[in-house]
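If you want the building blocks of each chain, they are given just below.
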Amino acid sequence: MDVNAAVAAAAAIAGVLTGVIAMLAFRWSEREQKRPTRTSLHTDPVLPPGVDTVLSVLRSSAVVLDEADAVVKASSAAYALGLVRGGKLAVEPMLQMARDTRRDGEIRQVELDLPRRGTGRGEALAVSARVAPLGSRLVLLLVEDLTEARRIEAVRRDFVANVSHELKTPVGALSLLSEAVMDASDDPEAVQRFAGRMQIEATRLTNLVQELIDLSRVQNDDPLEDAEPVRVDELVAEAIDRCRHQAGTKQITMAAGGTADLHVWGNRGQLAAALGNLVENAVNYSPARTRVGIAARRISVSGGDMIELAVTDQGIGITDKDKERIFERFYRVDPARSRATGGTGLGLAIVKHVVASHGGEVTVWSAEGQGSTFTLRLPEAGAARDRAQQHPDLDEEDGQSPTPDPTAYETLSAPEVLP
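Basis of the calculations
- Residues numbered from 1 in each chain as written.
- Predicted model: local features only at pLDDT ≥ 70, side-chain atom pairs only at ≥ 80, totals over all residues.
- Heavy atoms only, no water.
- Pairing = 2+ DSSP bridges.
- Helix = DSSP H or I, 4+ residues; strand = E, 2+ residues; numbered from the N terminus.
- Axes fitted to C-alpha atoms, helices over the stretch in contact; angles between N-to-C directions.
- Contact = heavy atoms within 4.5 Å.
- Phe/Tyr/Trp six-rings, centres within 6.5 Å; stacked < 30°, edge-to-face > 60°.
- Buried < 20%, exposed > 50% of the residue type's maximum accessible area, 1.4 Å probe, protein only.

(A) Up close: the sheet that holds strand 2 (residues 71–74). With antiparallel pairing, 5 strands are arranged side by side in an open sheet as 2-1-7-6-5. Edge positions in the sheet fall to strand 2 and strand 5 (108–115), since each of these pairs with one other strand and no more. Within the sheet, the average angular offset between the axes of one strand and its neighbour, ignoring direction, is 25°. Across the sheet, helix 4 (residues 92–104) touches strand 1 (61–65), strand 5, strand 6 (124–134) and strand 7 (138–145), and the angle it forms with strand 5 is around 165°.

Have a look at this one:
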């Protein structure tokens, strides 16, 4: 009998222990399920019906706090911004806003600058935080990243300020010169001199307005909508013709060379403008009786063949500090020379946007007193290249034998152009 009683007692104790363990496991499972996870907003019974669905489609980062300031729900974006860490809201100003809103039920909004996670450069993350009550116990925090919007707004302000300044200079000069012409109406020589200056300022104003239009067009238009195979030889010849007068005035020799019969894919007008701007800058910033070269070649890269166009001059060169900024709008390496040549500071900005929109890149090599080389890399027009290889004796457009003009430019070997 004693043995049976002992067995029964042992079974009872085992049953009790099993029940306790099961209850603890159930409680632990419930607690784990309630813990917030680093996933998108998901269903939770504590939220009012439909709220989780609404929050999941919002573009803003969303965090829901309970009465103990614990995170009930948090979107992936909230974790990515560093708003939630360890199940708690990590930004003290936002946490204080949530407490104030829970106390009085008022909606609050504030803009904050937060440190970026994972960077040691101290860059600020601009955000807009809005806190509102959600039911009787919960508080909803919505955070929107304003960093990119602020950057674009700063660029816009700088652009408007620069345009205003650049327009003010020739307009003011024209006003003063017109007054001078009126005062010197009885002096034909003075009138002629002032009229010549007015023509210069009017030309400068026209160039500025045109380059503003060109920059706006390359930023807003998609050049690949009207893309076609473009012969590099034609682009080079057009750029040389564009600057032939200025080069002749300064006795600058323009030479072209490299690989012939290359094609790029893109908008012919924009590509011609980009290469023309580079050649024009090379002529304007080169001293008299020097040499400007344009060379083209095909290079192989991982994504396919690219066409490389290099424009080399023997000009004043560019400092390392200036090389970091030369593609900014209105930035000039030598403002005094730009005023003398009528430069607007927009030419290289246009080049950068054109090349980027065509899937290429522009780089610069330069040394002070030794000149500069600007290099365009553009995708090759594969279809045009294949056709040229299959029919080497046919011209692209009219099916006739090509007749290049050997006098259009001097021959220049690629090593002389590419440093």
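We are not done yet, so read on.
(B) Local environment of the packing of aromatic side chains. In this structure the tally under the stated criterion is 1 aromatic pair. When the centroid spacing of 6.3 Å and the interplanar angle of 80° are considered together, the rings of Phe327 and Phe374 count as edge-to-face. Taken together, the residues span a long stretch of sequence, with Phe327 in the loop between helix 10 (320–323) and helix 11 (335–341) and Phe374 in strand 14 (residues 371–379) at a distance of 47 residues. For the residue pair Phe327 and Phe374, the accessibility class agrees, reading buried in each case.

(C) Molecular detail of the pairing of strand 2. Taken together, the 3 bridges between strand 1 and strand 2 define a ladder with antiparallel strand orientation. Directly across from Leu65, in strand 2, lies its bridge partner Val71. Two successive antiparallel strands, strand 1 and strand 2, enclose a turn made up of 5 residues, where Asp69 displays a positive phi of approximately 65°.

(D) Structural context of unusual backbone geometry. Positive phi, normally seen in glycine, also occurs at Gln251, with a value near 55°. In this fold, Gln251 is placed in the loop between helix 8 (244–249) and strand 9 (253–258). Look at Asp261: it is not a glycine, yet its phi comes out positive at around 60°. Its place among the elements puts Asp261 in the loop between strand 9 and strand 10 (263–266). Judged by relative accessible area, Asp261 falls into the partly exposed class, the value being 37%.

Coordinates in, geometry out; function isn't part of it.
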